[in-house]
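Structural overview for review
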Amino acid sequence: MTRGEFLRELEYLLKDIPESDRADAIAYYNNYFDEAGIENEQKVIQELGSPEKVAKTMGVKSDTAKKKTHWIIIILIAVLTFPLWVGIVAGLFGGLVALLAGVFGVTVGIFGSGAGLSIGGIVCLVVGVFRMVVSPLEGLATMGVGALLAAAGLLLLLLFAWLVIRWIPELFRSIVNAVRNVRHRNEGGNQI
Amino acid sequence: MTFNTGAALLDAIVLAVVSKEEQGTYGYKITQDVRQVLDISESTLYPVLRRLQKDECLEVYDMEYAGRNRRYYKLTEKGAAQLKLYEIEWKRYSSKISELFK
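Residues numbered from 1 in each chain as written. Chains lettered and ligands numbered in written order. Predicted model: local features only at pLDDT ≥ 70, side-chain atom pairs only at ≥ 80, totals over all residues.

Attention now moves to the overall build of chain A. Across its full length, chain A carries seven helices and zero strands. Counting from the amino terminus, helix and strand elements in chain A follow one another as α-α-α-α-α-α-α. Here chain A holds 192 residues, and 11% of them are scored as buried. Intrachain contacts of chain A at a sequence separation of at least 6 include 63% that bridge at least 24 residues. (Helix = DSSP H or I, 4+ residues; strand = E, 2+ residues; numbered from the N terminus. Buried ≥ 20, exposed ≤ 12 C-beta atoms within 10 Å, placed from the backbone. Contact = placed C-beta atoms within 7 Å.)

And the structure:
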């Protein structure tokens with residue numbers, strides 16, 4: 001660190017004290033470096049310690065101490081406004097549960113319809129084969145309807161399989177990721 | 001240093017050091033002089049000087065020296081009176097302690 005850097009940093013750290021006090025302190029240390037001479041510049045910097053240490057002698061809290069009080073204030077506000085945000089949090093949680101339940105319901109519905117249509121279609125096909133004996137026209141129509149039903153049912157079952165294999169794990173993953181991200185951001189913030 | 005130097009004693013020492021120079025003296029020299037007697041960090045003295053200045057025990061003036069401004073500290077009347085008080089107090093205090101050690 002050079003003298004210039006030291007003084008600049010000190011000036012920055014003293015930004016919250018009155019202008020006249022700050023100017024006086026900077027003038028003093030500027031003078032101090034002058035008197036010590038260039039040859040002693042590093043020695044003086046070492047002796048003074050750091051700009052933070054010098055700022056502290058002037059009753060200026062270090063940034064970490066400030067941040068600590070900031071966090072205390074944030075936590076205090078969070079606790080005091082609990083009645084306000086508890087509703088929002090509960091609402092968000094409820095929304096999430098509803099979304100999952102909705103996805104679950106739709107999935108089950110697709111499976112049910114698919115299975116029903118497939119079974120119905122197959123039964124129609126089988127019945128149609130027997131009906132052919134009695135009335136070929138009726139039997140053919142029944143078989144045709146059965147084939148259509150079975151095809152629609154199989155399509156729905158395929159859609160169900162695709163949902164279960166591809167979509168739902170994706171959804172879960174994104175929800176888990178979102179929750180984890182929020183938590184990580186909070187943890188990161190706490191560490192500062 | 002075994003013994004702590006309280007704020008009052010530090011004030012007294014700084015006033016004494018400044019009073020040695022009729023024309024006043026400057027921050028760097030005050031620090032070096034005080035460090036002859038006390039093991040203090042270089043950053044300790046500025047707040048003391050600033051406080052004594054605000055309490056009107058010291059006055060400040062700038063004078064040109066070697067092509068730049070040098071800030072001098074000089075004892076005021078109030079500072080001189082305060083130093084006198086400190087001297088009396090110190091004599092009383094130190095003689096009592098010395099007596100105890102005899």
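Of regular secondary structure, chain B possesses four helices and three strands. Reading the helices (α) and strands (β) of chain B from amino to carboxyl end gives α-β-α-α-β-β-α. When burial is assessed residue by residue, chain B has 27% of its 102 residues classed as buried. When contacts within chain B are restricted to residue pairs at least 6 apart in sequence, those whose partners lie at least 24 apart make up 52%.

Glancing now at the interface of chain B and chain A. Counting from both sides, the interface comprises 13 residues of chain B and, opposite them, 17 residues of chain A. Contributing elements (two or more residues each) for the side of chain B that touches chain A: helix 2 (27-37), helix 3 (45-54) and strand 3 (68-75) of chain B. Considering only residue class, the side of chain B that touches chain A consists of four nonpolar, four polar and five charged. (Nonpolar A, V, L, I, M, F, W, Y, C, P; charged D, E, K, R; others polar.)

Residues and elements named next belong to chain B. Within the element layout of this structure, Glu56 appears in the loop between helix 3 and strand 2 (58-65). Overall, the presence of 12 C-beta atoms within 10 Å leaves Glu56 in the exposed class. With 20 residues separating them along the chain, Glu56 and Thr76 place their C-alpha atoms 6.9 Å apart. With sequence-adjacent residues up to four places away left out, Glu56 is seen in contact with Thr76 and Lys78.

Looking at chain B as a whole, the pLDDT averages 90, with 99% of positions reaching at least 70. Confidence metrics for the complex model read pTM 0.56 and ipTM 0.86. (pLDDT = per-residue confidence, 0-100.)

Residue and element names in this part refer to chain B. One open sheet holds the three strands; their spatial order is 1-3-2, and the pairing between them is antiparallel. Bordering the open sheet on either side are strand 1 (25-26) and strand 2, each of which pairs with just one other strand. Pairing geometry for strand 1 and strand 3, over two bridges, is antiparallel. The residue of strand 3 that forms the bridge with Thr25 is Tyr73. (Pairing = 2+ DSSP bridges.)

Bridging between strand 2 of chain B and strand 3 of chain B involves eight bridges; their strand directions are antiparallel. Bridged to B:Glu64 within strand 3 of chain B is B:Asn69.

All names here are of chain B. In contact at an axis separation of 10 Å, helix 1 (residues 7-19) and helix 2 are set at 120° when each is read in the N-to-C sense. The orientation of helix 1 with respect to helix 2, classified from their angle, is oblique. Relative to helix 2, the crossing made by helix 1 is right-handed. Residues Ile13, Val14, Val17 and Val18 of helix 1 form the contact with helix 2, whose own contacting residues are Ile30, Asp33, Val34 and Val37. A breakdown of the residues in the contact of helix 1 with helix 2 according to their chemical character gives seven nonpolar, no polar and one charged. (Axes fitted to C-alpha atoms, helices over the stretch in contact; angles between N-to-C directions. Parallel < 35°, antiparallel > 145°, perpendicular 65-115°, else oblique. Left-handed = near helix turned anticlockwise from the far one by under 90°.)

Another point: the environment of A:Phe160. Residue and element names in this part refer to chain A. For Phe160, the location among the structural elements is in helix 7 (residues 136-191). Judged by the 20 C-beta atoms lying within 10 Å of it, Phe160 is buried. Along the backbone, Phe160 and Gly112 are 48 residues apart, and their C-alpha atoms lie at a distance of 9.5 Å. When residues no more than four places from it in sequence are discounted, the contact partners of Phe160 are Thr107, Ile110, Phe111 and Gly114.

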